[in-house]
Amino acid sequence: MSIRDEVKRVLVTEEQIRERCQELGRQITKEYSERNEKPLLVALLRGSVPFLAELMKYIDLDIQYDFMDVTSYAGTKSTGDIRIIKDLETSAEGEDILIVEDIIDTGRTINAVMGMFRNKGAHSVRVVTLLDKPDRRVVDVRADYVGFEIDDYFVIGFGLDYNQRFRALPFVGIPKEEVYR
Ligand code: PRP
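Starting afresh in each chain, residues are numbered from 1 along the sequence in its written order. Only residues with pLDDT of 70 or above have their local features reported here, since the model is predicted, and side-chain atom pairs are shown and tallied only from 80 upward, although totals for entire chains, interfaces and linings are computed over all residues. Side-chain metrics in this entry use all non-hydrogen atoms of the structure; hydrogen atoms and water are not considered.

## A look at the nonpolar core
Among the buried residues, those of types Ala, Val, Leu, Ile, Met, Phe, Trp, Tyr and Cys that are joined through side-chain atoms within 4.5 Å form a nonpolar core. For each residue, the accessible area found with a 1.4 Å probe, counting protein chains only, is set against the maximum for its type, and the residue is called buried under 20%, exposed over 50%, and partly exposed in between. Counting 27 residues, the largest nonpolar core has Phe 51, Val 128, Leu 131 and Val 172 as the members making the most contacts within it. Only DSSP runs of H or I reaching four residues or more are called helices, and only runs of E reaching two or more are called strands; each is numbered from the N terminus. Put simply, the parts of the chain that give this core at least two residues each are helix 1 (14-34), strand 2 (39-44), helix 2 (49-55), strand 5 (96-104), strand 6 (124-132), strand 7 (145-149) and strand 8 (172-175). At five residues, helix 1 tops the list of elements feeding residues into this core. Counting residues in each nonpolar core, the second largest holds 22 residues, with Met 68, Leu 88, Ile 97 and Ile 99 among its members.

## Looking at the sheet that holds strand 7
Taking strand neighbours across the sheet as the criterion, the six strands line up as 4-3-2-5-6-7 in an open arrangement whose pairing is mixed. The open sheet has two edge strands with one neighbour each: strand 4 (82-86) and strand 7. Going from strand to strand, the sheet's axes swing by 30° on average, the running direction of each strand aside. Across eight bridges, strand 5 lies against strand 6 in parallel orientation. Residue pairing across strands places Ile 103 opposite Leu 131, the latter belonging to strand 6. Only when DSSP finds a minimum of two bridges between them are two strands counted as paired. Fitted lines through C-alpha atoms serve as axes, helices being fitted only where they are in contact, and the angles separating the N-to-C directions of these axes extend from 0 to 180 degrees.

## Topic: the environment of Phe 117
Here Phe 117 lies in helix 3 (residues 108-119). Of the residues examined, Phe 117 reaches a relative accessible area of 1% and is grouped as buried. In this structure Phe 117 touches Val 42, Met 68, Leu 88, Ala 92, Ile 97, Ile 99, Ala 122 and Val 125, once residues within four positions along its chain are discounted. Here a residue-residue contact requires only that any non-hydrogen atoms of the pair lie within 4.5 Å.

## Quick look at unusual backbone geometry
The residue after Leu 45, namely Arg 46, is reached through a cis peptide bond having omega -5°. With respect to the helices and strands, Arg 46 occurs in the loop between strand 2 and helix 2. Phi angles above zero are rare outside glycine, and Gln 164 is one such case at about 75°. One non-glycine residue, Phe 166, adopts positive backbone phi at about 80°.

## Description of helix 1
A rise of 1.5 Å per residue sets the reference length of helix 1, with its 21 residues, at 30 Å; its end C-alpha atoms lie 30 Å apart and thus fit the reference within 8%. Remark: Asn 36 follows helix 1 within two positions and exhibits a positive phi of approximately 60°. Expected span of a helix, by definition, is 1.5 Å for each gap between consecutive residues, and there is one gap fewer than residues.

## What to know about the packing of aromatic side chains
For Phe, Tyr and Trp, rings pair up if their centres lie within 6.5 Å, where Trp contributes its six-membered ring, and each pair is then called stacked (planes under 30 degrees apart), edge-to-face (over 60) or tilted (otherwise). In the structure shown here, the tally under the stated rule is four aromatic pairs. Geometrically, the ring pair formed by Phe 154 and Tyr 162 is edge-to-face, given 5.6 Å between the ring centres and 90° between the ring planes. Look at Phe 154 and you get partly exposed, because its relative accessible area is 34%. By relative accessible area, Tyr 162 is classed as partly exposed at 23%. Ring plane angle 70° and centroid distance 5.3 Å describe the contact between Phe 154 and Tyr 180, whose orientation is recorded as edge-to-face. One end of the pair, Phe 154, is in the loop between strand 7 and strand 8; the other, Tyr 180, is in helix 4 (residues 177-180), with 26 residues separating them in the sequence. Classification of Tyr 180 by relative accessible area gives partly exposed; the value is 35%.

No statement about biological role is implied by the geometric values presented.
Structure (structure tokens):
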């Protein structure tokens, strides 16, 4: 029995992810070069790690990357207040921050993190996300770069988890119902 037997359907294949990362990497390279900017990639733990690793292979710029871990305050998921579990090692002041996310759902997390970087005096704040679920949006926020727009499925793999499982799968899939029942 393999963990893959718990997947009902593959939504985005490993090949599609690689090809899309190549396209996004080229686009990011072009647009940041034109502005003469070097992005500081900020990956939000933990889900964005596989996407960061794939994407940055195709960004032909003098980049740096760092990690941040945030969580919603318990019981206040609706307010969008976030608590920093792990902050950047690098100062954001004057930096061209490119936040790397695995998924944007309601948009609360990314909205709060973007606001925080603006308050810290970043020169620019942009977002690249592997997946976007626009139908779920509660806060009016858009990513500058989107890998794949998806319908409102419960998805796992390529960083995305269910109870911390499935993150290491090399594709994005939909789990069988018995997994979360
Ligand atoms: C997930 C995801 C985004 C956020 C999206 O993180 O990685 O950060 O939720 O949801 P939102 O748009 O509704 O705010 P999670 O807290 O599950 O952490 P993880 O990356 O460690 O799985």
